[in-house]
Amino acid sequence: VLSAIHQGCNYASLKAVPLINFNRHRLHLALTHYIETLEKGHGEVLSPAQVAEREFFLPLVKPDNGHLTVKIGSDLKTVCRGGADELRQLRSACPNEQYIVNTDGKMIQLIFLENAEGVDLIRGMFHAYLIKMHNSGTSVSPLEDIAVTHQIAKAEGDRLVHEMENLGWKIKTEFISIESFNSYRLSLKNY
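Below, the structure is looked at part by part. (Residues numbered from 1 in each chain as written. Predicted model: local features only at pLDDT ≥ 70, side-chain atom pairs only at ≥ 80, totals over all residues. Heavy atoms only, no water.)

Quick look at the pairing of strand β3 (residues 99-103)
Taken across its five residues, β3 has five buried, putting it largely inside the fold. Covered by surrounding structure in β3 are Tyr-99, Val-101 and Thr-103 together with Ile-100 and Asn-102, the residues of both alternating faces. From the end of β3 to the start of strand β4 (residues 108-113), which pair antiparallel, there are four residues, and Gly-105 there has a positive phi angle of about 95°. (Buried < 20%, exposed > 50% of the residue type's maximum accessible area, 1.4 Å probe, protein only. Helix = DSSP H or I, 4+ residues; strand = E, 2+ residues; numbered from the N terminus. Pairing = 2+ DSSP bridges.)

Written out as structure tokens, the structure reads:
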């Protein structure tokens, strides 16, 4: 009984004290809301307090379904099943980014480059969530979906990050924990 009361108090404290760093669930809540409101006209960025109100925490229970559709840090063979040619196409679809994103229409694979910083982590996840939520069925190929959503990510990404900072979110690398302990980072030479 005391253990259940203790867990309940911990859960209530999570909602009462907004955290200003992103873990995967907090970023999921922020990006999902932003994209949903973006589709209605103008993306709204949630404050840490607003995210805390929506945050869900139970030990050993995944708080959202983001992990079912967006996989972060897979090995390169999984991300680019088509080999070097597919890697070149993905880099061309999203030039100058510190991440590579790919999809088969169901699962989105996201891998960050070795020098990716906090802003890049947010941008990569934003792009992955745009692909996840875009899923219009009108594109000819997954590569086209990636290119189309990249244009949206580029157009909205600076405003998203700027508003996150203005609302008190810490977006430096050390404050963002979205990769698991066994996630790969990629080092590319001459790409």
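Some words on the packing of helix α2 (residues 24-38) against helix α8 (residues 142-166)
Where α2 contacts α8, the two axes come as close as 12 Å, and the packing angle between them is 125°. With respect to their mutual orientation, α2 and α8 come out oblique. Handedness of the α2/α8 crossing: right-handed. Residues Leu-27, Ala-30, Leu-31, Tyr-34 and Leu-38 of α2 pack against Ile-152, Glu-156, Arg-159, Leu-160 and Met-164 of α8. Across the contact of α2 with α8, the residue classes break down as eight nonpolar, no polar and two charged. (Axes fitted to C-alpha atoms, helices over the stretch in contact; angles between N-to-C directions. Parallel < 35°, antiparallel > 145°, perpendicular 65-115°, else oblique. Left-handed = near helix turned anticlockwise from the far one by under 90°. Contact = heavy atoms within 4.5 Å. Nonpolar A, V, L, I, M, F, W, Y, C, P; charged D, E, K, R; others polar.)

Side note on the pattern of salt bridges
Summed over the entire model, instances satisfying the criterion amount to six salt bridges. One salt bridge connects Asp-158 with Arg-123, and the closest N-O pair in it is separated by 2.2 Å. Of the two residues, Asp-158 sits in helix α8 while Arg-123 sits in helix α7 (residues 118-134), which places them 35 residues apart along the sequence. A residue is classified by how much of its surface remains accessible, and Asp-158, at 51% relative accessible area, is exposed. Take Arg-123: its relative accessible area is 18%, and that puts it in the buried class. (Salt bridge = Lys/Arg side-chain N within 4 Å of Asp/Glu carboxyl O.)

Considering a nonpolar patch on the surface
Taken together, the side chains of Val-1, Leu-2 and Ile-5 present a nonpolar region at the surface, about 380 Å² in accessible area. Relative to the elements of secondary structure, Leu-2 occurs in helix α1 (residues 2-16). (Patch = residues over 30% accessible without salt bridge, like charges linked within 9 Å, V, L, I, M, F, W, Y side chains within 5 Å. Areas by Shrake-Rupley, 256 points an atom, 1.4 Å probe, with all protein chains shown as cover.)

A word on the packing of aromatic side chains
Within the structure shown, the criterion is met by two aromatic pairs. On the basis of an interplanar angle of 15° and a centroid distance of 4.1 Å, the ring pair of Phe-22 and Trp-169 is categorised as stacked. Of this pair, Phe-22 sits in strand β1 (residues 22-23) while Trp-169 is found in the loop between α8 and β5 (176-177), placing the two residues 147 residues apart along the sequence. For the pair Tyr-34 and Phe-126, a centre-to-centre distance of 5.7 Å together with 70° between the ring planes defines the contact as edge-to-face. Here the residue Tyr-34 occupies a position in helix α2, and Phe-126 occupies one in helix α7, the gap between them amounting to 92 residues. Summarising the burial analysis for this pair, Tyr-34 and Phe-126 share the class buried. (Phe/Tyr/Trp six-rings, centres within 6.5 Å; stacked < 30°, edge-to-face > 60°.)

Quick word on α8
Relative to the 36 Å expected for 25 residues at 1.5 Å per residue, α8 spans 34 Å between its end C-alpha atoms, a close match to the ideal helical length. Along its length, α8 shows its largest kink, about 45°, at Glu-156. Every buried residue of α8 is listed here: Asp-145, Ile-146, Thr-149, His-150, Ala-153, Glu-156, Gly-157, Leu-160, Val-161 and Met-164. Backbone geometry just downstream of α8 places Gly-168 in the positive-phi region, at approximately 105°. (Expected span 1.5 Å × (residues − 1). Bend = angle between axes of the 7 residues up to and from the residue.)

Description of the packing of α2 against α7
Where α2 contacts α7, the two axes come as close as 10 Å, and the packing angle between them is 55°. If you check the angle between α2 and α7, you find them oblique. The chirality of how α2 crosses α7 is right-handed. Here Arg-24, Leu-27, His-28, Leu-31, Thr-32, Tyr-34, Ile-35 and Glu-36 of α2 lie close against α7, whose contacting residues are Met-125, Phe-126, Tyr-129, Leu-130, Lys-132 and Met-133.

Looking at α2
Its 15 residues give α2 an end-to-end C-alpha distance of 21 Å, which sits within 8% of 21 Å, the value for a rise of 1.5 Å per residue. With respect to burial, α2 is a largely interior element, 14 of its 15 residues being buried.

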